[in-house]
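Structure at a glance
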Amino acid sequence: MQVDQFFAALWDSYTSVTPQAQRIQALFKQHGENVINDHIAFRTFANSPIALEKLEPILIDLGYQAYGAFRFESKHLKARCYKHQSQADAPKIFLSELLSDELPADCQAIINKLVEQIPDDVVQGPEIFWSKCLWQPIAEQDYLTLAQHSEYAAWLSTMGLQANHFTVSINHLTQTPSIQEVNQLLLDEGYTLNQTGGLIKGSPELYLEQSSTMADKIEFTFAEGETRVIPSCFYEFALRHKQPNGELFDSFIEGNADKIFDSTNSAA
Ligand code: OOG
Ligand code: NI
């Protein structure tokens, strides 16, 4: 599969649950912008048939290479980032996984019930990245239990494997070339932005500034037919700065990422 086909399929799947991304992209295009993706991100369960190390070979086959590793202790996550080896303009990929064995026993039991439904050999090709839930709908009570300990676990239990966000490269915008202007445009249009630690995560000194919308909301039907409006996916905006060596910073920052994860919290 070609990289552009991969991202086109991911965008279709993502915008079907994230209509705000389509509208915001259209807004930028109306302003004459060329909307380029900085990166996209996925979430998954560690120690499962869709664990990070099971998914990574698919990214390698697509021409990607890992170049950074991250750990989020309080969120019980590990992550890696990937860039394309030959297509410099291909979006970077941020892949995180939940270390479920660090969660309380009741959460582990709930997650095990989902993970054990996934066939061992489920990872066969790039389609896995928009396969969503490879398990039967979770029970509402189990979802609420997960949400108390890990918003990430609750999100993953209902949304599964799919692009969690696309990220607009502010470096490629001409009308709103600063993150402050991008945020103001979105606020003026009525979008809700992630406020964790302030609207802007990072700084020019860290060579990376990021902001994001709060996830769209969709109606989800739980195991026993109850429905609840839950967070789906969000849209991110990233501005990269030049390092002293003259090159744009191209990795990720734990302190920023830790806050971006909150874009799918349900309490906002
Ligand atoms: C990933 C959050 C981290 C970034 O750009 O630092 C991230 C997630 O919410 O799954 O995307
Ligand atoms: Ni991101």
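Not measured: the values here are computed from a predicted model. (Residues numbered from 1 in each chain as written. Chains lettered and ligands numbered in written order. Predicted model: local features only at pLDDT ≥ 70, side-chain atom pairs only at ≥ 80, totals over all residues.)

**Some points on the site of ligand 1**
Surveying the vicinity of ligand 1 reveals the residues Ala41, Arg43, Phe94, Ser96, Asn164, Gln210, Glu236, Phe252, Asn256, Ala257, Ile260 and Phe261. Those elements that place two or more of their residues in the shell around ligand 1 are β1 (37–45), β4 (92–98) and α8 (254–260). Among the elements that take part in the shell around ligand 1, α8 stands out by supplying 3 residues, more than any other. Counted by class, the shell around ligand 1 contains 6 nonpolar, 4 polar and 2 charged residues. (Near = placed C-beta within 6 Å. Helix = DSSP H or I, 4+ residues; strand = E, 2+ residues; numbered from the N terminus. Nonpolar A, V, L, I, M, F, W, Y, C, P; charged D, E, K, R; others polar.)

**Quick notes on the pairing of strand β8 (residues 217–221)**
Pairing analysis gives 5 bridges linking β8 to strand β9 (residues 227–231), with the strands arranged antiparallel. Counted as the bridge partner of Thr221 is Thr227 from β9. (Pairing = 2+ DSSP bridges.)

**Comments concerning the pairing of strand β2 (residues 64–72)**
The pairing of β2 with strand β3 (residues 77–84) spans 8 bridges and is classified as antiparallel. Looking at the pairing, Gly68 lines up with Cys81 of β3. Count of turn residues in the β2/β3 antiparallel hairpin: 4 residues, of which His76 carries a positive phi of about 60°.

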